[in-house]
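# Observations on chain architecture
As a plain string of letters, each chain reads:
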Amino acid sequence: MTGIRVVTGEASNEGSAGGDFSNWEPELEELRRREDLVERMGGPEKVARQHERGKLDVRQRIEALVDGDSFHEIGKIAGSPTYDDNGELVDLRSANFLFGRARLDGRAVVVAADDFTVRGGAADAAIIGKQVSAEKMAGELRLPIVRLIDGTGGGGSVRTLDTDPSKKVSEGDGGYGAGARTYVPMNPGWEHVVSNLAKVPTVALCLGSVAGLGAARAVTSHYSLMVKGMSHVFAAGPPVVNRMGGEQVDKEDLGGSRIHTRNGVVDDEVQSEEEAFERTRRFLSYLPSSVYELPERGPMTDDPNRTDDALLNVVPRNRRQVYKMRSIIESVIDLGSFFEIGRSFGRSSICGLARLDGWPIAMLAGDPYHYGGGWTADSSQKVTRFLDLAETFHLPVVHLVDNPGFVIGSEAEQAATIRHGSRALAAVYQVSVPWCSVLVRKAFGVAGAAHSPGHRFQYRYAWPSGDWGSLPVEGGVEAAYRSDLEASDDPEALLAEITERLNRVRSPFRTAEAFLVEEIIDPRETRPLLCEFANLVAPLRIPGPSSFGYRP
């Protein structure tokens, strides 16, 4: 038998070429030299410029996000090399994308990060294979992926067309931009970006001016963040828009966080990168590592039988008077566990993650401070996406209902409210995860019917303040009794008489008598009943892919 023969205390090189190959220190020194070169990122000047903008550099970001020294970089020495005439390496410029595995609150994750100090993230500094590998790694190893996006994220740059040798970048464009030519646009590996939405939790942090492909990567996620005053998102930045778009804008006016967290492009804005990292950790804490697992039960630090006398007085008797739905949410869930998503968009609907007796759940509620809780086109889109998240990652839904119906009027019609609302209604009926509704106040019309998937067993409670029907009495009387009112000598008196008569049968007790609502409860007992629900349905959750893919 040839090759290395191991004997006690020594190794023989019998059958080898005869040289001593037990010491590879020169190659290891070369590896360390190359690692040192790429750790310079874009060089001292560009790194300093990044810091002067109040931004962490890419390696500082990863260090601040993950646990301790848990980041294991993959493809670290991939980059753009410069060799002398003798074939010796003179310099190695880092690629503008880093990725690897790490631990985040003890959980294995994939971290994929752009380095803006290297050509601002443009294609002529990218190695697209690294981005593709990061997405493949997350999907195939069933690990959450966190994208730290800063720049175009491997997007285009006309510099790749420059034939001037003094300005030409010799390598590193990923194989589709180099040379004096244009190319038909393509996004290599995009299928993995999309398919991961149905497999693993995906978080995108916009940590600078994010354009083109970077912007697309940001929004193709389950949860996205912008840093106020520092982050911008756009299809194309101000230089392109100002030159070709017929308007003059700056970064904030074109794609600042106050725009994109209010139009649904990005979920939330934070004040600092550190806060973005903290919210990333919190978001992931409610979810499994992949759809093939179940969300884990968290600490049980709040009495599941706790009641709250304040709930008796939250909802006013005057149906036109608003109240704070978030105070109800905070009362019935585990204390301090509510993680709201997209607060500034679709504001008549409240969406967020929470815990009941430690179990993660998806919390949906109406907010009467905005359109009385009625569904707008925006809030309908928000609900659809949120329910897809719950269905994808096996989160039971709790719905605190106050919905007077779809918002009406010319603006609502122009916004295609019924189109987006019907999609939300479809999403409600498509989910298979356990569902519990609490009818806090209003549930009217088609949108009111979306308070639960009505074809399933109705795990449903109603407060004494419940008010429901095809139309609110206040708005429906004049339409239903128009001819009577027109023929009356005193239409106002007749209107008051009819309204009073209808209000007598408006009581939720009349509905309960016909078993058209299952239970009317003391509002103070809501938390114990919801905790019972969470414990009852926990064994019913089934891991695995959902019957339909997550809709970004």
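That block above? That's the structure.
Residues numbered from 1 in each chain as written. Predicted model: local features only at pLDDT ≥ 70, side-chain atom pairs only at ≥ 80, totals over all residues. Heavy atoms only, no water.

## Here we look at the overall build of the protein chain
Here is the rule: Put simply, DSSP marks the helices as runs of H or I at least four residues long and the strands as runs of E at least two long, and each gets a number from the N terminus on. Remark: exposure states derive from per-residue accessible area (1.4 Å probe, protein chains only) relative to the maximum for the residue type, with buried under 20%, exposed over 50%, and partly exposed in between. A contact between two residues is defined here by any heavy atoms of the two lying within 4.5 Å. Surface accessibility follows the Shrake-Rupley procedure with a 1.4 Å probe radius. Residue values consider only the protein chains on display as shielding.
Secondary structure assignment for the protein chain yields 20 helices and 19 strands. Relative to its 552 residues, the protein chain shows a buried fraction of 50%. Within the protein chain, residue pairs in contact and separated by at least 24 positions form 71% of the contacts whose partners lie at least 6 positions apart. When the accessible area of the protein chain is evaluated, it comes to approximately 26,100 Å², of which 52% is carbon and sulfur surface.

## Remarks on helix H20 (residues 526-537)
Under the convention used in this document: Each residue after the first adds 1.5 Å to the expected span of a helix.
Between its terminal C-alpha atoms H20 stretches 17 Å, which fits the 16 Å expected from 12 residues at 1.5 Å a residue. Counting buried positions along H20 gives nine out of 12 residues, so the element sits mostly inside the fold. Residues of H20 that are buried include every one of Thr-526, Arg-527, Pro-528, Leu-529, Leu-530, Cys-531, Phe-533, Ala-534 and Val-537, and no others. On its buried face, H20 sits against helix H11 (325-332), strand E14 (349-356), strand E15 (359-366), strand E16 (397-403), strand E17 (435-444) and strand E18 (460-462).

## Digging into the nonpolar core
Counted only if it meets this: In this text, buried Ala, Val, Leu, Ile, Met, Phe, Trp, Tyr and Cys residues form a nonpolar core when linked through side-chain atoms within 4.5 Å.
Counting residues in hydrophobic clusters, the biggest one holds 56 residues, and the most contacted among them are Leu-148, Leu-205, Phe-283, Leu-353 and Leu-387. The biggest single contributor to this core is helix H12 (residues 377-392), with five residues. Excluding anything up to four places from it in sequence, Leu-148 contacts Arg-61, Ile-62, Leu-65, Val-111, Ala-112, Ala-113, Asp-114, Leu-205, Leu-207 and Phe-277. If you look at the next biggest cluster of nonpolar residues, it comprises 33 residues, including Met-325, Trp-359, Leu-400 and Val-438.

## Some remarks on the packing of aromatic side chains
Applied cut-off: Side-chain rings of Phe, Tyr and Trp, where Trp is taken by its six-membered ring, are said to pair if the distance between their centres is within 6.5 Å; with planes under 30 degrees apart they count as stacked, over 60 as edge-to-face, and otherwise as tilted. For a lysine, the NZ atom is tested; for an arginine, the CZ atom; a charge sits over a ring if that atom is within 6 Å of the ring centre and within 35 degrees of the ring normal.
Per the counting criterion, the structure on display carries nine aromatic pairs. Their ring planes at 40° and their centres at 6.1 Å tell us that Tyr-286 and Phe-339 sit as a pair that is tilted. With Tyr-286 in the loop between helix H10 (273-285) and H11 and Phe-339 in strand E13 (residues 339-340), the pair connects residues that are 53 residues apart, well separated along the chain. Exposure class is identical for Tyr-286 and Phe-339. Each is buried. Their ring planes at 85° and their centres at 6.4 Å tell us that Phe-457 and Tyr-459 sit as a pair that is edge-to-face. Judged by its relative accessible area of 16%, Tyr-459 is buried. Each residue in the set Tyr-223, Phe-283, Tyr-286 and Phe-339 is aromatic and connected to the rest through ring pairs, giving one cluster. Taking the ring centre of Phe-116 as reference, the NZ or CZ of Lys-55 above it sits at 4.8 Å. One Lys or Arg, Arg-142, reaches over the ring of Tyr-292 and ends 3.6 Å from the middle of that ring.

## Brief notes about the packing of H12 against helix H14 (residues 417-430)
We count it as follows: Each axis is a line fitted through C-alpha atoms, and for a helix only the stretch in contact is used; angles between axes span 0 to 180 degrees, taken between their N-to-C directions. Should an angle fall under 35 degrees it is called roughly parallel, over 145 degrees roughly antiparallel, and 65 to 115 degrees roughly perpendicular, with every other angle called oblique. Here is the rule for handedness: rotate from the far helix to the near one, and if that takes an anticlockwise turn smaller than a right angle the crossing is left-handed, while a clockwise turn gives right-handed.
At a minimum axis separation of 8 Å, H12 and H14 run at an interaxial angle of 20°. The pairing of H12 with H14 is recorded here as roughly parallel in orientation. Of the two possible hands of crossing, H12 and H14 adopt the one that is left-handed. Two secondary-structure elements touch here, H12 through Ala-377, Ser-380, Gln-381, Val-383, Thr-384, Leu-387 and Glu-391 and H14 through Thr-417, His-420, Gly-421, Arg-423, Ala-424, Ala-427, Val-428 and Gln-430.

## Some words on the side chain of Ser-224
With respect to the helices, strands and loops of the structure, Ser-224 is situated in strand E10 (residues 223-227). Every residue in contact with Ser-224, bar those within four places of it in the chain, is listed here: Ala-204, Ala-218, Val-265, Val-266, Asp-267 and Asp-268.

## Observations concerning the packing of helix H3 (residues 58-65) against H10
Worth spelling out the cut-off: Under the scheme applied, nonpolar residues are Ala, Val, Leu, Ile, Met, Phe, Trp, Tyr, Cys and Pro; charged residues are Asp, Glu, Lys and Arg; polar residues are all the others, including Gly.
Between H3 and H10, the shortest axis-to-axis distance is 10 Å and the interhelical angle comes to 45°. The orientation of H3 with respect to H10, classified from their angle, is oblique. By crossing handedness, the relation of H3 to H10 is classed as right-handed. Facing Arg-61, Ala-64 and Leu-65 of H3, the residues of H10 in contact are Glu-273, Phe-277, Thr-280 and Arg-281. The residue inventory of the contact of H3 with H10, partitioned by class, reads three nonpolar, one polar and three charged.

## Some points on a nonpolar patch on the surface
This is how the line gets drawn: Each patch is built from residues lacking any salt bridge and having more than 30% relative accessible area; the joining distance is 9 Å for like charges and 5 Å for nonpolar side chains (Val, Leu, Ile, Met, Phe, Trp, Tyr). Salt bridge criterion: a side-chain nitrogen from Lys or Arg within 4 Å of a carboxyl oxygen from Asp or Glu.
A contiguous nonpolar patch, built from Trp-24, Leu-28, Leu-31 and Ile-77 and spanning about 350 Å² of accessible area, is present on the exposed surface. Tracing the backbone through its elements, the reader meets Leu-28 in helix H1 (residues 25-38). Residue Leu-28 is classed as partly exposed on the basis of its relative accessible area, which comes to 39%.

## With respect to the pattern of salt bridges
Counting across every chain of the model gives 28 salt bridges. In this structure, Arg-326 and Glu-340 form a salt bridge, with 2.8 Å as the shortest nitrogen-oxygen distance. One end of the pair, Arg-326, is in helix H11; the other, Glu-340, is in strand E13, and 14 residues separate them in sequence. For the salt bridge of Asp-402 with Arg-441, the shortest nitrogen-to-oxygen distance reads 3.4 Å. Taken as a pair, Asp-402 in strand E16 and Arg-441 in strand E17 lie far apart in primary sequence, 39 residues in all.

## A closer look at a positive patch on the surface
For clarity, the threshold we go by: Just so you know, the count uses Lys and Arg for positive and Asp and Glu for negative, and it drops His and the chain ends. Every charge is mapped to an atom, namely NZ of Lys, CZ of Arg, CG of Asp or CD of Glu.
The grouping of Lys-46, Arg-49, Arg-53 and Lys-251 at the surface amounts to a positive patch. Its place among the elements puts Arg-49 in helix H2 (residues 44-52).

## Section: the environment of Ala-447
The residue Ala-447 is located in helix H15 (residues 445-448) in this model. The sequence separation of Ala-447 and Asn-403 amounts to 44 residues, and the corresponding C-alpha distance is 7.0 Å. For Ala-447, the residues in contact, after removing those within four places along its chain, are Trp-375, Asn-403, Gly-405 and Phe-406.

## Comments concerning the pairing of strand E9 (residues 202-211)
Our working rule: One bridge is not enough; two strands pair if DSSP finds at least two bridges between them. We call a crossover right-handed when, viewed with the strands running away from us, the connection from the first strand over the helix to the second turns clockwise.
Extensive coverage of E9 is indicated by the burial of 10 of its 10 residues. Pairing of strand E8 (residues 145-151) with E9 involves six bridges; the strand directions are parallel. Its bridge partner being in E9, Ile-145 is matched across the sheet by Thr-202. Sheet topology places E9 next to E10; four bridges connect them, and they run parallel. Paired with Cys-206 across the bridge in E10 is Met-226. Chirality of the crossover, the property in question, places the unit of E9, helix H6 (residues 213-219) and E10 among those that are right-handed. Where E9 and strand E11 (residues 232-234) come together, three bridges link them in parallel fashion. For Val-210, the partnering residue across the bridge sits in E11 and is Val-233.

## A look at the environment of Arg-217
Along the chain, Arg-217 turns up in helix H6. Linking Arg-217 and Cys-206, residues 11 residues apart in sequence, is a C-alpha distance of 9.8 Å.

## With respect to unusual backbone geometry
Even without a glycine there, the phi angle at Asp-105 is positive, about 55°. Residue placement: Asp-105 occurs in the loop between strand E6 (97-104) and strand E7 (107-114). Classification of Asp-105 as exposed rests on a relative accessible area of 56%. In this structure, Asp-357 takes a positive phi of about 50° despite not being glycine. Looking at the secondary structure, you find Asp-357 in the loop between E14 and E15. On the basis of relative accessible area, Asp-357 is assigned to the buried category, the value being 9%.

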